[in-house]
Amino acid sequence: MEMWKLFFFIPACFALNMTPGPNNLLSMNNARCYGFNTAFIAGLGRLSAFAILIALAASGLAVILYASETLFLTIKIVGAAYLLWIAFNLWRSETYPVSELKNTCNRLGLAKQEFLLAAGNPKAILIFTAFLPQFVDISANVDEQFFVLGATFLILEMGAISIYAILGIYLRQWFAQPKMAKRFNRGGATFLAMSGASLLLSRQH
């Protein structure tokens with residue numbers, strides 16, 4: 001892998017990692033409710049989903065999947081429905097003290113939620129099939145280059161998870177009052193619902 005390509009890839013990739021999408025919002029909310037460690041561990045579910053998608057892109061299977069209108073529509077509907085379900089539950093959620101939430105958190109369940117949210121987003125497939133290949137030299141070992149690019153993406157994604165989790169810790173202090181926490185929940189629910197609706201209305205390109 002030529003270093004100059006990584007020099008251009010890293011800032012462009014990190015901009016994608018830091019985009020305030022549903023997964024990053026989820027990390028922020030998990031940190032606000034359960035703390036940094038739990039939010040970071042939950043984020044490993046997202047990394048697992050992305051690792052699978054990167055492997056699919058490297059093998060060429062993701063291109064076939066994205067080219068299929070039926071598969072694209074299925075993933076889009078399932079992903080959008082899951083986003084709307086999370087938004088519905090977040091909107092209805094009661095506000096509890098953080099100490100109580102820590103006692104009831106399920107890290108495996110939160111990691112599963114992150115995994116499903118990432119895997120159910122067809123836009124992630126597009127990123128790995130359209131963005132990563134731009135930095136691959138087909139005259140060299142493609143698999144090795146995908147491995148380097150994929151590993152770099154996942155490391156940068158870990159950075160994004162950490163940054164949003166730290167922001168969530170800050171919001172924990174800011175939204176210590178139940179009234180403010182409820183507003184945050186409903187604001188987050190609205191954003192997730194809008195993301196779900198946008199996903200349903202998106203077209204395959």
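Located above this text is the structure these notes cover.
Computed from a predicted model, the values in this text were never measured in an experiment.

S.K.: Tell me about the packing of helix α2 (residues 22–34) against helix α3 (residues 36–59), and name the residues and values.
M.R.: Interaxial distance between α2 and α3 falls to 8 Å at its minimum, and their mutual angle equals 150°. When the interaxial angle is binned, α2 and α3 end up roughly antiparallel. In this structure, α2 crosses over α3, and the sense of that crossing is right-handed. Touching Asn23, Asn24, Ser27, Asn30, Ala31 and Tyr34 of α2 are Thr38, Ala39, Ala42 and Arg46, all from α3. In terms of residue class, the contact of α2 with α3 is made up of four nonpolar, five polar and one charged.

S.K.: An account of the environment of Ala51 is requested, with residue identities and associated values reported.
M.R.: By the element assignment, Ala51 lies in helix α3. Note on Ala51: relative accessible area 32%, which makes it partly exposed. The sequence separation of Ala51 and Ala151 amounts to 100 residues, and the corresponding C-alpha distance is 8.4 Å.

S.K.: Residues and numbers for the nonpolar core, please.
M.R.: The tendency in soluble globular proteins is for nonpolar side chains to be buried as a group. Counting residues in hydrophobic clusters, the biggest one holds 23 residues, and the most contacted among them are Phe9, Phe50, Phe128, Leu132, Leu149 and Phe153. Elements that contribute at least two residues to this core include exactly α1 (3–17), α3, α8 (122–131) and α9 (142–174). Discounting residues that sit within four places of it in the chain, Phe50 has contacts with Ala118, Ala124, Phe128, Phe153, Leu154 and Glu157. Leu25, Met28, Tyr164 and Leu171 belong to the second-largest nonpolar core, a separate cluster that totals five residues.

About the thresholds
- Residues numbered from 1 in each chain as written.
- Predicted model: local features only at pLDDT ≥ 70, side-chain atom pairs only at ≥ 80, totals over all residues.
- Heavy atoms only, no water.
- Axes fitted to C-alpha atoms, helices over the stretch in contact; angles between N-to-C directions.
- Helix = DSSP H or I, 4+ residues; strand = E, 2+ residues; numbered from the N terminus.
- Parallel < 35°, antiparallel > 145°, perpendicular 65-115°, else oblique.
- Left-handed = near helix turned anticlockwise from the far one by under 90°.
- Contact = heavy atoms within 4.5 Å.
- Nonpolar A, V, L, I, M, F, W, Y, C, P; charged D, E, K, R; others polar.
- Buried < 20%, exposed > 50% of the residue type's maximum accessible area, 1.4 Å probe, protein only.
- Core = buried A, V, L, I, M, F, W, Y, C linked by side-chain atoms within 4.5 Å.

Honestly, that's just the spatial picture; any functional story needs more than this.
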